[in-house]
Amino acid sequence: MTLSGRWSYPNAIRFGAGRIAELPQACIEAGMQRPLLVTDRGLAKLDVTARALTILEEAGFAPALFAEVDPNPNEVNLAEGVAAYRAGEHDGVIAFGGGSGLDLGKMVAFMAGQIRPVWDFEDVADWWTRADSDAIAPIVAVPTTAGTGSEVGRASVITNSRTHEKKIIFHPKILPAIVLADPELTVGMPPHITAGTGLDAFAHCVEAFSSPHYHPMSQGIALEGMRLVIEHLPRAYAEPDDLEARTHMMSAASMGAVGFQKGLGAIHALSHPIGAVFNTHHGTTNAVCMPVVLDFNADAISDRFDRAAPYLGIEGGFDGFRAFVDRFNDGFGVPKRLRDLGADPARIDELVPMALRDPSCGGNPVELTEAGLRDLFERVI
């Protein structure tokens, strides 16, 4: 089987090894001549970013780089990125990297033409209609990790640096015009990043599959995404140069983000405030939270996992899947409690209301109350 394709679901995805060479053509098709490449500080120093810039330069572009992006990007990073975009008179953004680079890149393209503050466009009701849609710059997305799936999303997660809350900013037109999904860019990722990002994709698929909302297409995508992670993340973790495993993981990452159009749940309701307050790695935080949340939701989701487990190669239905998750986490060195990532149990009173306000609560199969969230935090921290 040739692991390459050209897809239009949910956006135009050019998938396969070596597709980064098509970056200049993607920019032209998206309508940009003076792109600003947005990525995080660490990635900006690596050869993969230099290679992308060289490809653009050799094609006659004069790209600029913005890399003042924190692991959990915030409105300060965004303001600096918008200022760089305007100062350079850019006409589009290449969102490049893992979740932080992709999310902030999309937001720079979105906010560069807006006059209202970013918080006015939070994913609440129809707040997205407040934006000037015609002022949103074109976006080409280039994922360099296999986890967040932001390359196929219509939203970004931005941390409010004052309140330490993660906010979801949504607009249909921040869905990138073109995605270059080149798994070669992920080869050689350090094992802990491979694990953390891959477990993020797994959490997206598990929560989408668990969500009670009706969306059969996303349900099927989430199930297959789980299978791909289960089969290929251990290989990518053990053998960083395994291109086939990296390829399937990049697919699973995009599938997780497409799948969670159906909904997320308590895993993300917990991990968003934990990440915002303690600056923990999002995917690893999700992995720590998953066993406790599966237990919390067991009565509502056991039937569907009873049916799914055989397809996933797991015996014992839901109970077998729940036991598998513990073994899966252990295989990547994931700690049992969030305090091992730096979370402080003394701050649970601060975390509970933040979690209760998180939009992910709405997708949980069991209603999340203040008391329920407090119990979950106490059990996981």
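Structure report, in brief.

Criteria and thresholds
- Residues numbered from 1 in each chain as written.
- Predicted model: local features only at pLDDT ≥ 70, side-chain atom pairs only at ≥ 80, totals over all residues.
- Heavy atoms only, no water.
- Helix = DSSP H or I, 4+ residues; strand = E, 2+ residues; numbered from the N terminus.
- Rg over C-alpha atoms; globule rule 2.2 N^0.38 Å.
- Buried < 20%, exposed > 50% of the residue type's maximum accessible area, 1.4 Å probe, protein only.
- Contact = heavy atoms within 4.5 Å.
- Areas by Shrake-Rupley, 256 points an atom, 1.4 Å probe, with all protein chains shown as cover.
- Lys, Arg positive; Asp, Glu negative; His and termini not counted.
- Charge placed at Lys NZ, Arg CZ, Asp CG, Glu CD.
- Polar contact = N/O pair within 3.5 Å; in protein donor to acceptor, adjacent residues only side chain to side chain.
- Core = buried A, V, L, I, M, F, W, Y, C linked by side-chain atoms within 4.5 Å.

### Topic: the overall build of the protein
Move 1: From N to C terminus, the protein includes 13 helices and 9 strands.
Move 2: Its C-alpha atoms give the protein a radius of gyration of 20 Å, within 12% of the compact-globule value 21 Å for 381 residues.
Move 3: Here the C-alpha coordinates of the protein stretch approximately 55 × 50 × 35 Å along the principal axes.
Move 4: A total of 381 residues make up the protein; the buried ones form 59% of that total.
Move 5: By sequence separation, contacts in the protein at least 24 residues apart represent 77% of the contacts at least 6 residues apart.
Move 6: Of the roughly 14700 Å² of accessible surface on the protein, 52% is carried by carbon and sulfur atoms.
Move 7: Taken as two groups, the 31 positive and 48 negative side-chain charges of the protein have centres that lie 2 Å from each other.

### Focus on the environment of tyrosine 311
Move 1: Note on placement: tyrosine 311 falls in the loop between helix H10 (282–308) and helix H11 (317–331).
Move 2: Along the backbone, tyrosine 311 and alanine 125 are 186 residues apart, and their C-alpha atoms lie at a distance of 37 Å.
Move 3: Beyond its immediate sequence surroundings of up to four residues, tyrosine 311 is in contact with Leu223, Glu224 and Arg227.
Move 4: Reaching out from tyrosine 311, the side chain makes a polar contact with the side chain of arginine 227 at a distance of 3.5 Å.

### Focus: unusual backbone geometry
Move 1: Residues other than glycine seldom take positive phi values, yet glutamate 89 does so here, at roughly 50°.
Move 2: Examined against the element boundaries, glutamate 89 turns out to sit in the loop between helix H4 (75–87) and strand S5 (92–97).
Move 3: Residue classification places glutamate 89 among the exposed residues on the basis of a relative accessible area of 59%.

### Points about the nonpolar core
Move 1: Residues Phe110, Phe202, Met226, Phe321, Phe377 and Ile381 are the most contacted members of the largest nonpolar core, which totals 98 residues.
Move 2: In terms of residue count, the dominant contributor to this core is H10 (11 residues).
Move 3: With sequence-adjacent residues up to four places away left out, methionine 226 is seen in contact with Phe202, Cys205, Val206, Phe209, Phe305, Leu312 and Phe321.
Move 4: Counting 21 residues, the second largest nonpolar core, distinct from the first, contains Met32, Val48, Val142 and Ile178.

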